[in-house]
Amino acid sequence: MHDFDIPFDNNLAERDLRMAKVKQKISGTFRSVSGAKAFTRIRGYVSTVRKQGMNALKCINSTFTENPVDPTLA
């Protein structure tokens with residue numbers, strides 16, 4: 001109650017889960033387990049990059065180069 005840097009609610013965690021549920025709602029389901037794993041891995045990477053204040057597009061682009069950005073080390 002004294003540290004105002006901590007969010008009051010858990011909306012950030014709920015927003016992270018929302019995209020997977022929207023994808024399921026629109027498509028009905030994932031076509032394969034490997035497709036679901038790839039989707040969650042990409043979404044998790046983008047979410048972490050955004051939380052670290054980095055440019056998501058530049059970080060995704062860096063995964064295809066010799067020097068990928070690891071947002072957990074930022």
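The rules behind these values
Each chain carries its own residue numbering, running from 1 in the written order of its sequence. Local features in this predicted model are restricted to residues of pLDDT 70 or higher, and side-chain atom pairs are both shown and tallied only at a pLDDT of 80 or more, whereas totals for entire chains, interfaces and linings draw on every residue. Each side-chain value is worked out from all heavy atoms of the structure, with water and hydrogens disregarded. The secondary structure listing takes helices from DSSP runs of H or I that are at least 4 residues long and strands from runs of E that are at least 2 residues long, numbered from the N terminus. It is over C-alpha atoms that the radius of gyration is taken, and the globule rule equals 2.2 Å times the number of residues to the power 0.38. Buried means the residue's accessible area, taken with a 1.4 Å probe over protein chains only, is under 20% of the maximum for its type, while exposed means over 50%, and partly exposed covers the values in between. When checking whether two residues touch, look at their non-hydrogen atoms; a contact exists if any pair is within 4.5 Å. Positive residues here are Lys and Arg, negative ones are Asp and Glu, while His and the chain termini are left out of the count. Where a charge sits is defined by one atom per residue type, namely NZ (Lys), CZ (Arg), CG (Asp) or CD (Glu). Residue types Ala, Val, Leu, Ile, Met, Phe, Trp, Tyr and Cys, when buried and joined through side-chain atoms within 4.5 Å, form a set referred to as a nonpolar core. Under the convention used throughout, the expected extent of a helix is 1.5 Å for every residue step, that is, one less than its residue count.

For the chain, the count of helices and strands is three helices and zero strands. Ordered by position from the N terminus, the helices and strands of the chain form the series α-α-α. Relative to the compact-globule value of 11 Å for 74 residues, the chain shows a C-alpha radius of gyration of 15 Å, a clear excess of over 25%. Reported as C-alpha extents along the three principal axes, the dimensions of the chain are approximately 45 × 35 × 15 Å. In the chain, buried positions account for 15% of the 74 residues. Look at the contacts in the chain between residues 6 or more apart in sequence, and 19% of them connect residues 24 or more apart. If you average the places of the 12 positive and of the 7 negative side-chain charges in the chain, the two averages end up 15 Å apart.

The next point concerns the nonpolar core. Of all hydrophobic cores here, the largest spans five residues; its members are Tyr 45, Val 46, Val 49, Ala 56 and Cys 59. Only helix H2 (33–51) and helix H3 (56–62) provide two or more residues apiece to this core. The contact partners of Cys 59, leaving out residues within four places of it in the chain, are Tyr 45, Val 49, Met 54 and Val 69.

Time to look at H2. The end-to-end C-alpha separation of H2 is 27 Å, in line with the 27 Å expected for 19 residues at 1.5 Å each. Within H2 the residues assigned to the buried category are Ala 36, Phe 39, Tyr 45, Val 46, Ser 47 and Val 49. Along its buried surface, H2 packs onto helix H1 (11–27) and H3. Note on H2: the residue one or two positions beyond its end, Gly 53, has a positive phi of about 80 degrees.

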